[in-house]
Amino acid sequence: MDEHQARGRYAPSPTGALHSGNLRTALLAWLWARQAGGRFVLRMEDLDLPRARPGAAAGILADLRWLGLDWDEGPDIGGPYGPYLQSARQTLYDAALARLRARGLLYPCYCTRAELARIASAPQGGDEPGRYPGTCRDLTAAEQMNRAAQGRRPALRFRAPDAPITFVDRVAGRVTEHVAETAGDFVVRRSDGIVSYQLAVVVDDALMGVTQVVRGADLLTSTARQLALYDALGYPRPAEYAHVPLLLDASGARMAKRDASLGLAALRERGMTPAQILGMLAASCGLWPAGAPATPGVLLAAFAPERLS
Ligand code: GLU
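Nothing here was measured: the structure is a model prediction, and the numbers come from that model.

Trainee: Give a detailed account of the nonpolar core, specifying residues and quantitative values.
Mentor: Among the nonpolar cores identified, the biggest contains 40 residues, and Leu100, Phe158, Val188, Leu199 and Leu229 are the most heavily contacted of them. If one sorts the elements of this core by residue count, helix 8 (residues 220-233) sits on top with 7 residues. Those residues in contact with Leu100 that lie beyond four places of it in its chain are Leu105, Leu106, Phe158, Leu199, Leu229, Ala232 and Leu233. The next biggest cluster of nonpolar side chains, apart from the first, holds 37 residues, and it includes Ala29, Leu42, Met44 and Leu267.

Trainee: I'd like to hear about the site of the ligand, residue by residue, with values.
Mentor: Taken together, Arg9, Ala11, Pro12, Ser13, Glu45, Tyr197, Val201, Arg215 and Leu219 are the residues near the ligand. In the environment of the ligand, an oxygen atom lies 2.7 Å from a nitrogen or oxygen atom belonging to the side chain of Tyr197. The separation between an oxygen atom of the ligand and a polar side-chain atom of Arg215 is 2.9 Å. Within the complex, the protein chains bury 78% of what would otherwise be the 300 Å² of accessible surface of the ligand. The cavity where the ligand resides is the largest pocket. Split into classes, the residues belonging to the shell around the ligand amount to 5 nonpolar, 1 polar and 3 charged.

Trainee: Can you lay out the layout of surface pockets for me, pointing to particular residues and giving the numbers?
Mentor: To find leftover empty space, a probe the size of one water molecule is rolled over the atoms. Approximately 1,300 Å³ is the volume found for the largest pocket. Within the residue set of the lining of the largest pocket, elements represented by two or more residues are strand 1 (7-10), helix 1 (20-35), strand 7 (186-189), helix 7 (197-207) and strand 8 (212-216). A breakdown of the residues in the lining of the largest pocket according to their chemical character gives 19 nonpolar, 10 polar and 12 charged. Of the pockets and cavities examined, the second largest pocket occupies roughly 640 Å³. For the second largest pocket, the lining is made up of 27 residues, of which Cys111, Arg113, Leu116, Arg157 and Val187 are closest to its centre. Per element, the largest residue contribution to the lining of the second largest pocket is 4 residues, and it comes from helix 4 (residues 113-121). A class-by-class count of the residues in the lining of the second largest pocket yields 13 nonpolar, 4 polar and 10 charged.

Trainee: Give a description of the sheet that holds strand 3 (residues 106-109) that names residues and reports values.
Mentor: By way of backbone hydrogen bonds, the strands of a sheet pair with one another, either parallel or antiparallel. With antiparallel pairing, 3 strands are arranged side by side in an open sheet as 3-4-7. The sheet is open, and its two edges are formed by strand 3 and strand 7, each paired on a single side. Each neighbouring strand pair of the sheet contributes to a mean axis angle of 45 degrees, computed without reference to strand direction. Bridge count between strand 3 and strand 4 (residues 155-158): 4 bridges; the pairing is antiparallel. In the strand pairing of strand 4, Tyr107 is matched with Arg157.

Trainee: Hey, could you go over empty space enclosed by the protein for me, with residue numbers and the actual values?
Mentor: Under the definition given, this model contains 1 cavity of 30 Å³ or more. Volume-wise, the largest cavity comes out at about 40 Å³.

Trainee: Can you explain the pattern of salt bridges? Please cite residues and give values.
Mentor: According to the stated counting rule, one finds 18 salt bridges in the structure shown. Notably, a salt bridge pairs Arg9 with Asp205, separated by 2.9 Å at the nearest N-O pair. Within this pair, whereas Arg9 is found in strand 1, its partner Asp205 is found in helix 7, the two being separated by 196 residues in sequence. Since its relative accessible area comes to 4%, Arg9 is described here as buried. The salt bridge involving Asp76 is made with Arg65; its shortest N-O contact spans 2.8 Å. In this pair, Asp76 sits in the loop between helix 2 (56-67) and helix 3 (90-102) while Arg65 sits in helix 2, placing the two residues 11 residues apart along the sequence.

Scoring rules and cut-offs
Residues numbered from 1 in each chain as written. Predicted model: local features only at pLDDT ≥ 70, side-chain atom pairs only at ≥ 80, totals over all residues. Heavy atoms only, no water. Core = buried A, V, L, I, M, F, W, Y, C linked by side-chain atoms within 4.5 Å. Buried < 20%, exposed > 50% of the residue type's maximum accessible area, 1.4 Å probe, protein only. Helix = DSSP H or I, 4+ residues; strand = E, 2+ residues; numbered from the N terminus. Contact = heavy atoms within 4.5 Å. Near = heavy atom within 4 Å. Polar contact = N/O pair within 3.5 Å; in protein donor to acceptor, adjacent residues only side chain to side chain. Areas by Shrake-Rupley, 256 points an atom, 1.4 Å probe, with all protein chains shown as cover. 1 Å grid on protein atoms, 1.4 Å probe; cavity = no way out; pocket = protein on both sides within 12 Å on 5 of 7 lines; lining within 4 Å. Sits in = over half its atoms within 2 Å of the grid points. Nonpolar A, V, L, I, M, F, W, Y, C, P; charged D, E, K, R; others polar. Points joined across faces, edges and corners; volume = space filled by probe spheres on them. Pairing = 2+ DSSP bridges. Axes fitted to C-alpha atoms, helices over the stretch in contact; angles between N-to-C directions. Salt bridge = Lys/Arg side-chain N within 4 Å of Asp/Glu carboxyl O.

These figures capture arrangement, not role.
What follows is the structure in structure tokens.
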């Protein structure tokens with residue numbers, strides 16, 4: 001790996017076809033990486049297999065290619081840091097969990113969904129909503145055995161560092177979050193054995209040498225937790241973060257993949273060309289004049305991230 005070359009990525013979850021909001025995020029990640037002269041990695045986040053839709057991963061790759069985006073490494077073409085499917089990377093996640101465990105940073109949490117929901121809704125001690133209060137943090141071995149004997153399967157939680165974490169986001173600016181106070185100790189492996197998004201994304205981005213994380217603004221509140229894991233695992237933090245605005249639907253709500261009317265297929269059926277769609281996506285965030293078609297190359301030449309709106 002050339003240490004000076006930027007490495008960006010797009011990491012879709014194959015839970016359905018990409019909607020225009022996802023496509024716009026993919027376009028922005030691609031523009032950001034290519035403008036830096038960097039490589040672009042495509043990773044399929046299919047860890048949560050029960051939610052993965054058959055055919056969705058192939059459809060996502062086909063849609064991105066149809067639009068004219070390209071990548072240097074990915075599930076379809078391989079690359080030096082594969083596999084590029086999360087479902088094939090379990091041993092890497094297990095190794096990371098083992099390292100955290102060896103450092104005493106994990107503990108089993110036996111709380112049920114109902115208990116967690118009750119905690120989240122109780123008006124208590126100034127805790128942020130959704131903060132895990134540490135119920136299982138200091139259980140004795142006997143208490144753990146007792147809960148296990150009731151047939152409860154534990155999740156694994158990571159002990160959140162009790163110090164603020166600061167990073168600079170290319171869109172949001174300087175962000176500081178004290179994870180122990182906002183999220184509390186968070187889940188790195190669910191009780192069904194599936195590794196959490198927070199852990200998987202850190203292991204993958206770190207081992208794939210990703211230096212540039214461009215993704216939707218909905219993930220801004222995950223970044224401090226992820227940086228805590230980077231630090232605990234001894235990985236260097238990514239050099240650059242950019243959390244780009246989410247595209248809203250006509251009613252001003254967040255788009256959902258289940259709404260097929262927002263996908264590429266619907267736009268294609270209306271006879272739109274890739275250049276018209278790319279122009280529309282770029283115009284929707286202030287990067288391009290409305291109504292003008294554009295190729296990836298033209299958008300790249302004109303890309304000015306400070307104009308993002
Ligand atoms: N897989 C996530 C999603 O589709 C994105 C994760 C990331 O970019 O960090 O929303």
